[in-house]
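# Observations on the three-dimensional arrangement
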Amino acid sequence: MLAYLDNSATTRPTDGVIDAMSRCMREGYFNPSSLYAPAIDSEKAMRACREELASALCVSPKGIFFTSGGTEANNLAIIGAVSAMRGPQHLIVSAVEHPSVLEAFHYLEGLGHRVTVIGVDGRGQLD
């Protein structure tokens, strides 16, 4: 039996996801922002996917964003949320966050926000 314990960026997708991605990469690889017919079909497929996800999550389709991966998603969420706030903020982050999270906070610190990094003890509990 294989016990795979690194299910972060390397989680194996289900067969249905692999089949859908393969189909899109073979047939729907057109730029969904363009105006020629195959591109419009790609945009419709993306819209349908966004609407299906939104329905499953009980959110508006406008709240679904597709990113290229975790780092881009972390940047969008962290930097985007703080950018929507008024004025300099005091931000707190744990020292054991993923580097993409910590780098987003360092970036915000460079913009004038105050960042406190909280360490952890030997058991990983906030110190």
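Residues numbered from 1 in each chain as written. Predicted model: local features only at pLDDT ≥ 70, side-chain atom pairs only at ≥ 80, totals over all residues. Heavy atoms only, no water.

## With respect to the overall build of the chain
What counts is decided by this rule: Runs of E in the DSSP output that reach at least two residues are strands. Runs of H or I that reach at least four are helices, and both are numbered from the N terminus. Radius of gyration here is computed from C-alpha atoms only, and the compact-globule reference equals 2.2 Å multiplied by the residue count raised to the power 0.38.
Within the chain one finds four helices and two strands. Ordered by position in the sequence, the α and β elements of the chain form the string α-α-α-β-α-β. In terms of overall dimensions, the chain is more spread out than a globule: its C-alpha atoms have a radius of gyration of 19 Å, far above the 14 Å expected for 127 residues. Along the first, second and third principal axes, the C-alpha atoms of the chain reach 55 × 50 × 25 Å.

## Examining the confidence of the model for the chain
Heads up, the condition is: The pLDDT value tells you how sure the predictor is about a given residue, anywhere from 0 up to 100.
Confidence in the prediction of the chain, expressed as mean pLDDT, is 91, and 93% of residues score 70 or more. Of all helices and strands in the chain, the one with the weakest mean pLDDT is helix 1 (residues 15-27) (92), whereas strand 2 (residues 114-118) scores best (98).

## Side note on helix 4 (residues 99-110)
For an α-helix, the turn length of 3.6 residues means that residues three or four places apart are oriented alike. Worth spelling out the cut-off: Every helix has an expected span of 1.5 Å times one less than the residues it contains. Exposed residues in this analysis have more than 50% of their type's maximum accessible area, buried residues have under 20%, and partly exposed residues fall in between, with area computed by a 1.4 Å probe over protein chains only. Working rule for contacts: check all heavy atoms of both residues, and any pair within 4.5 Å makes them a contact.
Look at helix 4: 16 Å from first C-alpha to last across 12 residues, which is about the 16 Å you get at 1.5 Å a residue. Of all the residues in helix 4, the buried ones are S100, V101, L102, A104, F105 and L108. Against helix 3 (70-83), strand 1 (90-94) and strand 2 lie the buried residues of helix 4. Following helix 4 by one or two positions, G112 has its phi on the positive side, about 110°.

## Thoughts on the packing of aromatic side chains
Threshold: Pairing of aromatic side chains here covers Phe, Tyr and the six-membered ring of Trp, requires ring centres within 6.5 Å, and sorts the geometry by plane angle: under 30 degrees stacked, over 60 edge-to-face, intermediate tilted.
Per the stated rule, a full pass over the model turns up two aromatic pairs. Where Y29 meets F30, the ring centres are 4.4 Å apart and the plane angle is 25°; that geometry is what we call stacked. A relative accessible area of 22% means that F30 is categorised as partly exposed. Between F30 and Y36, the aromatic rings sit 6.2 Å apart at their centres with planes inclined by 85°, giving edge-to-face as the arrangement. Taken together, the ring pairs connect Y29, F30 and Y36 into an aromatic cluster.

## A look at the environment of L126
Note that L126 resides in the segment after strand 2. Discounting residues that sit within four places of it in the chain, L126 has contacts with S94, I118, G119 and V120.

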